[in-house]
Structures are given as structure tokens and as C-alpha cells.
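# Coordinates in review
Residue strings, one per chain:
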Amino acid sequence: MPAFGSVDKFKEQFGQAALSRFGSGWAWLVNDGRNLKVGSTANQDNPWFDNSDLKGTLLLGLDVWEHAYYLKYQNRRADYIAKWWDVVNWEMVASRLG
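A brief report on the enclosed structure follows. (Residues numbered from 1 in each chain as written. Predicted model: local features only at pLDDT ≥ 70, side-chain atom pairs only at ≥ 80, totals over all residues. Heavy atoms only, no water.)

Here we take up the pattern of salt bridges. Applying the stated criterion to the full structure yields three salt bridges. Of the charged contacts in the structure, one is a salt bridge between Arg76 and Asp79, with a shortest N-O distance of 3.0 Å. A relative accessible area of 37% places Asp79 in the partly exposed class. Taking the shortest distance from any N to any O, the salt bridge between Lys83 and Asp86 comes out at 3.0 Å. (Salt bridge = Lys/Arg side-chain N within 4 Å of Asp/Glu carboxyl O. Buried < 20%, exposed > 50% of the residue type's maximum accessible area, 1.4 Å probe, protein only.)

Written out as C-alpha cells, the structure is:
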């Protein structure tokens, strides 16, 4: 992942975007046409919304609304994010990258 330096650095940056989203929202990996970028949006917003500062083609998204993880992880969002990496479909992400 040249855009981030390494896969570990990408995961760290993506995880931080997910952890630092206060309340409900999403963490995203997007392609803005020139670069891969990581960010987050609040609530139901996404990078296609006009009000989003993060713009681009959606490659990967992580739901950080409590309903996504509360039954299994309660308040442990970091544990949810760490286990989420085990189910990412990298082939699908790559196909969106083109």
C-alpha cells in the first residue's frame, strides 16, 4: 500500500478513523481519483454526500454504529475493529479499485 507506507500503517490509520468517530458513523477507504484516503463520516453520511469533506469512490467501509457491534462487544469498539479485519473481502476491495 504505497499510499500509506505499509498495510500495518493503513490499518492503523483506518482503525483510528473508526475509533475517533464520536457516536454513530462510518470509517472509509476511498479513491479520490489520484490517491487513496482514509476518513470517517457521521451517522448515515458517506463520501458521496454533498456535505462530506471526504470525497471519492468507496472502496471499503466499516460501520461503527453501536448496532453493528454492541451485542457481541458492548462498549469495546476497538475489539470490534480488530476482529473486523478478519472478515474484510480484499478481492472485492481490489475490484472496486479497478
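Here the narrative resumes.
Quick look at helix H3 (residues 77-84) now. Residues of H3 that are buried include every one of Arg77, Tyr80, Ile81 and Trp84, and no others. All buried residues of H3 fall inside an arc of 95° around its axis, so they share one side. The secondary structure elements touched by the buried residues of H3 are helix H1 (7-20), strand S3 (57-63) and helix H2 (66-73). (Helix = DSSP H or I, 4+ residues; strand = E, 2+ residues; numbered from the N terminus. Arc of directions from axis to C-beta. Contact = heavy atoms within 4.5 Å.)

Here we come to the nonpolar core. Among the nonpolar cores identified, the biggest contains 20 residues, and Phe10, Phe14, Leu29, Leu60, Leu62 and Trp85 are the most heavily contacted of them. At the level of elements, H1, strand S1 (25-31), S3, H2 and H3 are the ones that each hand at least two residues to this core. With four residues, the top contributor of residues to this core is H1. (Core = buried A, V, L, I, M, F, W, Y, C linked by side-chain atoms within 4.5 Å.)

Let's shift gears to helix H4 (residues 90-97). For H4, the capping residue at the N-terminal end is Asn89, with a side-chain oxygen 3.2 Å from the backbone nitrogen of Glu91. Just beyond H4, the residue with positive phi is Gly98, at close to 90°. (Polar contact = N/O pair within 3.5 Å; in protein donor to acceptor, adjacent residues only side chain to side chain.)

Attention now moves to unusual backbone geometry. Both trends apply: most residues other than glycine have a negative phi, and most peptide bonds are in trans. We note that Asn43 has phi near 50°; this positive angle belongs to a residue other than glycine. In this structure, Asn43 sits in the loop between strand S2 (36-42) and S3. Not every positive phi belongs to a glycine, and Gln74 is a case in point at roughly 50°. For Gln74, the location among the structural elements is in the loop between H2 and H3.

Of the strand pairs in this sheet, S1 and S2 are connected by seven bridges, and their pairing is antiparallel. Looking at S2, one finds that Leu29 is bridged to Val38. Counting the residues that bridge the hairpin from S1 to S2 gives four residues, and of these Gly33 lies at a positive phi of roughly 100°. (Pairing = 2+ DSSP bridges.)

By themselves, these are just geometric observations and shouldn't be taken as functional.
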